[in-house]
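# Secondary and tertiary structure notes
Residue strings, one per chain:
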Amino acid sequence: MASKMPRHDMPRQDALARGNNFQEVALGYPLEVAVQEANRCLQCKKPKCVAGCPVGVDIPKFIQKITEREFLEAAQIIKRKNLLPAICGRVCPQESQCEAQCILGVKGEPVAIGRLERFAADYEIAQGCCKPECQAPTGKKVAVIGAGPAGLTCAAELARSGHGVTIYEALHVAGGVLMYGIPEFRLPKAIVQKEINGLKDMGVEIKVNQVVGKVTSVQELLDSGYDAVFIGTGAGLPHFLNIPGENLCGVYSANEFLTRSNLMKAYDFPNHITPIKVGERVAVLGGGNVAMDAARTALRLGAKDVYIIYRRSKTELPARAEEVENAEEEGVKFHLLTFPVEILGNEKGNVKSMVCLRYELGEPDESGRCKPLAIKGSEFEISVDTVVVAVGQGPNPLVTMTTKGLALDKRGTILADKETMATSIPGVYAGGDIVTGAATVIQAMGAGKKAAASINKYLATK
Amino acid sequence: MYTVVKRRVLAEAIVLLEILAPDVANKAQAGQFVIVRQMHNSERIPLTIMDFDRQKGTVTIVLQAVGYSSKLLTEMEEGDNLLDFVGPLGQPTEIKNYGTVLCVGGGVGVAPIHPIARALRDAGNKVISILAAKNKDLIILEEEMKAVSDEIVITTDDGSYGLKGFATHGVQAVLDRGLEISAIWAIGPMIMMKSVADFTKPLGIKTLVSMNPIMVDGTGMCGACRVLVGQETKFACVHGPEFDGHLVDFDLAMKRSAYFRQEEAIALHEHKCQCQKEGK
Ligand SMILES: Cc1cc2nc3c(=O)[nH]c(=O)nc-3n(C[C@H](O)[C@H](O)[C@H](O)COP(=O)(O)OP(=O)(O)OC[C@H]3O[C@@H](n4cnc5c(N)ncnc54)[C@H](O)[C@@H]3O)c2cc1C
Ligand code: FES
């Protein structure tokens, strides 16, 4: 019977109001709604949703606990597999993972697993987090490089097994993309820091301001007494288009734009001293989640018109449907089948416009998406003050360049065994975006977890 | 936390700070820089290293109060702490025996020139250093530079000390003596580096400059520090900060540096209002 109930919407901030502030857009389920939504779950004997979760959270069980109003227990069940549920509940692409597998989704709408995960996690945070239990100290030490989701998860799992863990992070705060990339209005930074504090409570030491490859190296870490090293340095190198005008003032990479706003809190200028400028018209080049985040940030920073400029059509947009919808609702305009060939500037070197070409779709290419074909002679000019380039990121070479014997692939990502995450150097493991190229939070966490399991095995033999 | 163990005023609005940062001191090399964040709401700003002492575990930087952040840094006292101090970043200077070399420092650019001159001299080069500034009061680190150079030449715009003229006049004066110069390092304001590079280009003398563009992370993650070098886009924080001065597009670099000038003025203004309110 319960399954006949429609999926519950999650309250959100009004679209017009939220376009002017950086507060979280999605507000989370109120308690009674969460219980009702949890009641929709059929409690399948052979749950397919679990198979859809990259870290194998026992989804039916935690949902059952919500129906029983045992919310803290629900959170504990999630945390057995996923130590950052308040984050994952907010940013995981559930529609293509657990929820895509839900039986209810065949005829109607799947159970809102992500929203329930977020509910349980937020409930626990509000009550004060419970510290996960750690095993007795083993006396073994592991260094983790990078405090993004991959590194944090690996560190937490290793601490749980009783190893001494130190994280080396290049920036002044831990969190990786969760802190510098994903905006406040989608993932409040206070939530990220609370989940990270959970790790510190477990005894994980986090050293910030440590650029590995500069102040120390993988080899030096091994020589200085660490029994193993995990590399989770992410895909932090912004790609540009190599078109004329790309170095004009007012052309930002999405990383720079988002880092200024999120990590450095430029939206609160001059209370925070880092500046950011958007002008009246902003063009964001690209159609992924990063592009949506940049576009929505630009609106909130006061831009009048914000355009997503994308070479293909709406169906090919790589961003999550929910994010595209959010962006549209807030007033972001989509210029599809369009892309710039040149950025033009004024005498001060500031961006003033872009020359774009129109495109049409051809046959599907290797990626399975239709290939965009430029229409000859279709040049036209769009006047803009700011351009944000959001066309992807590659692996940052600071660690890989300085680690002798570390096997890489052509793109510069680290070659690691799919199951063990072992690299070509004994005792050195890697995972997350530095191995896969830009992917997702939960995939990075899954990799961190797998690596921790093999590091455990490796340390037992040492 | 990184403690200021020594503060010295070098000239009006120019201050030297010696910072306790043993890890950074341990790895620092000539030509590299650090990123500093003073307080929780501060910017991350890049500063080229002036000196490092591996025994004491300290790194020395020199600041000129221009914008809000640098002004606040110059007001730090001994015993105060910096929140963040990251480094050493960027590529070190390529040190080898070139023969006779020129180390040209303009204004506060003398600070980053200092460890380069020392390393070059230690590598067996004959080092002639040129210190250039607007006037006598703004010539800094003269004793320190004497200690690491075979000879120093001073130029001031107004002629109040040394030769009258710009850094290029100093270079000209040395070349007029018929010396064969194998390489030149020129560090200082963008306009000064550009004029030295323009001056040496027709003469075919290898000229290295140290770019100090706007940066955010300093690790290659954001691209704010893009400079155009020989038609190729480079990230100054990773590939630099030192580049072949004959290939750098200085005009673009100067424009990019000026992009946030308005915001800097706003920050400074707010700061002044705040201080007045607090009766400072
Ligand atoms: C704007 C944006 C929005 C996104 N939105 C989503 C989303 O909604 N959902 C989703 O699932 N995924 C999203 N992603 C992707 C997701 O964030 C990443 O896949 C994930 O963060 C990868 O985790 P990671 O741990 O591998 O790397 P990162 O999160 O990149 O962390 C790497 C860490 O290593 C540090 N580091 C790098 N080099 C060094 C060094 N030399 N020494 C020390 N430390 C170093 C970095 O500073 C960083 O903290 C988004 C990405 C971006 C950029
Ligand atoms: S400062 Fe961010 S890439 Fe150089």
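Further up the page is the structure itself.
Residues numbered from 1 in each chain as written. Chains lettered and ligands numbered in written order. Predicted model: local features only at pLDDT ≥ 70, side-chain atom pairs only at ≥ 80, totals over all residues. Heavy atoms only, no water.

### Some words on the interface of chain A and chain B
Each partner contributes to the interface: chain A provides 43 residues, whereas chain B provides 46 residues. When the two sides are added together, the surface that chain A and chain B hide from each other amounts to roughly 3700 Å², 59% of it contributed by carbon and sulfur. Considering only the side of chain A, the residues that lose the most area to chain B are Lys214, Asn247 and Ile273 of chain A, jointly responsible for 20% of the buried surface there. Summed over the shared surface of chain A and chain B, the result is two salt bridges. Of the charged contacts in the structure, one is a salt bridge between Glu220 of chain A and Lys27 of chain B, with a shortest N-O distance of 2.7 Å. Linking chain A to chain B there are 18 residue pairs in polar contact (both at pLDDT 80 or more). If you list the elements that add at least two residues to the side of chain A that touches chain B, you get strand 5 (237–238), strand 6 (251–253) and helix 14 (254–263) of chain A. Looking at which element gives the most residues to the side of chain A that touches chain B, the answer is helix 14 of chain A, with four residues. (Contact = heavy atoms within 4.5 Å. Buried area = accessible area lost by both parts, 1.4 Å probe. Salt bridge = Lys/Arg side-chain N within 4 Å of Asp/Glu carboxyl O. Polar contact = N/O pair within 3.5 Å; in protein donor to acceptor, adjacent residues only side chain to side chain. Helix = DSSP H or I, 4+ residues; strand = E, 2+ residues; numbered from the N terminus.)

### Side note on the site of ligand 1
Residues and elements named next belong to chain A. In the vicinity of ligand 1 lie 34 residues, with Val91, Ala150, Glu169, Val212 and Asp433 positioned nearest. Contact between ligand 1 and Ala439: an oxygen atom at 3.1 Å from a main-chain N or O atom of the residue. In this structure, Thr440 approaches ligand 1 through a main-chain N or O atom, which is 3.3 Å from an oxygen atom. Across the complex, the protein chains shield 95% of the 1000 Å² of accessible surface that ligand 1 would expose by itself. The residue inventory of the shell around ligand 1, partitioned by class, reads 19 nonpolar, 11 polar and four charged. (Near = heavy atom within 4 Å. Areas by Shrake-Rupley, 256 points an atom, 1.4 Å probe, with all protein chains shown as cover. Nonpolar A, V, L, I, M, F, W, Y, C, P; charged D, E, K, R; others polar.)

### Thoughts on the sheet that holds strand 8 (residues 305–309) of chain A
Residues and elements named next belong to chain A. The parallel open sheet is built from five strands, whose spatial order is 6-14-7-8-9. Two strands in the sheet have a free side with no partner beyond their single neighbour: strand 6 and strand 9 (333–335). On average, each strand axis in the sheet is tilted by 25 degrees relative to the strand beside it, whichever way the strands run. (Pairing = 2+ DSSP bridges. Axes fitted to C-alpha atoms, helices over the stretch in contact; angles between N-to-C directions.)

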